[in-house]
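# Structural overview
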Amino acid sequence: MSYVNAASPVIFGCSGLTLTPEEKDFFKENQPLGFILFKRNIQDKPQVKALVEELKATSNQLNPPILIDQEGGRVARLTSPHWFHPPASAALIGDSIEDSRKNVHEAYTRISEDLNEIGITVNCAPVLDLHIKGADPIMGDRTFSSDPYVVADLGATAIKAMQQKNIIPVMKHIPGHGAATCDSHKDLPIVSLPLEQLKNHFLPFKLNAHCPWAMTAHIVYSAIDPNNPATESYIVIQEIIRRELGFKGFLMSDDLDMGALKGSLAERAQRSLEAGCDAVLQCSGKLQDMIQVMEGVLPFSPTLQKRAI
């Protein structure tokens, strides 16, 4: 799909089960590229379908992307009894790689069917980070394995399952979150591994460079750019993500609200876009936060999206 209408390079959340009049006016005026839903936005199938239609009605795009995080386990916005609650990635590992592929394909097929039914078009999954002993537990069972080739293989299976059902997958957190020793929601992880060791973390993303979307990691890789987290690093985005890993698709930031990033929301947005993110993600659903983000997005907006997504 290709976005041909002018849109601002930002993806916003919203506050509740329906849009407020203020949110409708703000979205119509600022034309975000897309929207992301969280548990606060979800009650049951009719309600979510109606909210999706409300969001789409504010957009000049024919089919603006509607995102969600539906990984499974503890990161699942759609849960029982209304939807299939997928197992965590680690729980999909079977006795053989064939069993694991089957489990992953079945899980992501069911996820995709649920998303299609309610009008969600983009899933922020799969997680292609490695499981690293001693790392912060924020990743933990969200990861498939400590083996980069297994992660790459099962990630490819998840990506294919979603694409077969016309759901856009988002591999994350590029170029690799697994070695982080703190939670980037709270603080800035600094990974000091040498480049040769980092290449193991990069490998699942490199082997899945065909994935249409990717989400950045809010992590400093001191061997590459000691001064900036990947999301805000021109060096990491251009030299590693684009050139070394060969990712040519649509690159979005992780949530700008996270504690790993510093400065105002406007500054965070502007730095991320200047570094090479195609769009920034801001999830709080608070109108005042979105107004601040737009101050940083405006120099880049409205814009024709550069990539076929």
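Rules and cut-offs
- Residues numbered from 1 in each chain as written.
- Predicted model: local features only at pLDDT ≥ 70, side-chain atom pairs only at ≥ 80, totals over all residues.
- Heavy atoms only, no water.
- Buried < 20%, exposed > 50% of the residue type's maximum accessible area, 1.4 Å probe, protein only.
- Helix = DSSP H or I, 4+ residues; strand = E, 2+ residues; numbered from the N terminus.
- Pairing = 2+ DSSP bridges.
- Right-handed = clockwise from strand over helix to strand, strands pointing away.
- Polar contact = N/O pair within 3.5 Å; in protein donor to acceptor, adjacent residues only side chain to side chain.
- Contact = heavy atoms within 4.5 Å.
- 1 Å grid on protein atoms, 1.4 Å probe; cavity = no way out; pocket = protein on both sides within 12 Å on 5 of 7 lines; lining within 4 Å.
- Points joined across faces, edges and corners; volume = space filled by probe spheres on them.
- Nonpolar A, V, L, I, M, F, W, Y, C, P; charged D, E, K, R; others polar.

### Quick notes on the pairing of strand β2 (residues 32–37)
With six of six residues buried, β2 lies mostly within the body of the structure. Pairing analysis gives three bridges linking strand β1 (residues 8–12) to β2, with the strands arranged parallel. Looking at the pairing, Ile-11 lines up with Gly-34 of β2. Regarding topology, helix α1 (residues 21–30) serves as the crossover connection from β1 to the parallel β2, and that connection is right-handed. Pairing geometry for β2 and strand β3 (residues 66–68), over three bridges, is parallel. When the bridges of β3 are listed, Phe-35 appears paired with Ile-66.

### Structural notes on the pairing of strand β9 (residues 213–216)
Judged by which residues are buried, β9 turns out to be covered on both faces: Trp-213 and Met-215 on one side and Ala-214 and Thr-216 on the other are all buried. Summarising the sheet, strand β7 (residues 168–174) and β9 pair through four bridges and their orientation is parallel. Looking across to β9, one finds that Lys-172 is bridged to Met-215. In this sheet, strand β11 (residues 250–255) lies alongside β9 in parallel orientation, the contact comprising three bridges. Paired with Trp-213 across the strands is Phe-250, a residue of β11.

### Things to note about the side chain of His-177
Within the element layout of this structure, His-177 appears in the loop between β7 and β8 (190–191). Looking at His-177, its side chain comes within polar contact range of the side chain of Ser-184, at 3.0 Å. With sequence-adjacent residues up to four places away left out, His-177 is seen in contact with Asp-129, Ile-138, Met-139, Cys-182, Ser-184, Ala-217, Ile-219 and Tyr-221.

### Focus on the layout of surface pockets
Considered as a void within the structure, the largest pocket measures approximately 330 Å³ in volume. Together, 20 residues line the largest pocket, and Phe-38, Asp-69, Arg-77, His-185 and Asp-254 are the ones closest to its centre. Elements with a minimum of two residues in the lining of the largest pocket: β7 and β11. By residue class, the composition of the lining of the largest pocket is eight nonpolar, three polar and nine charged.

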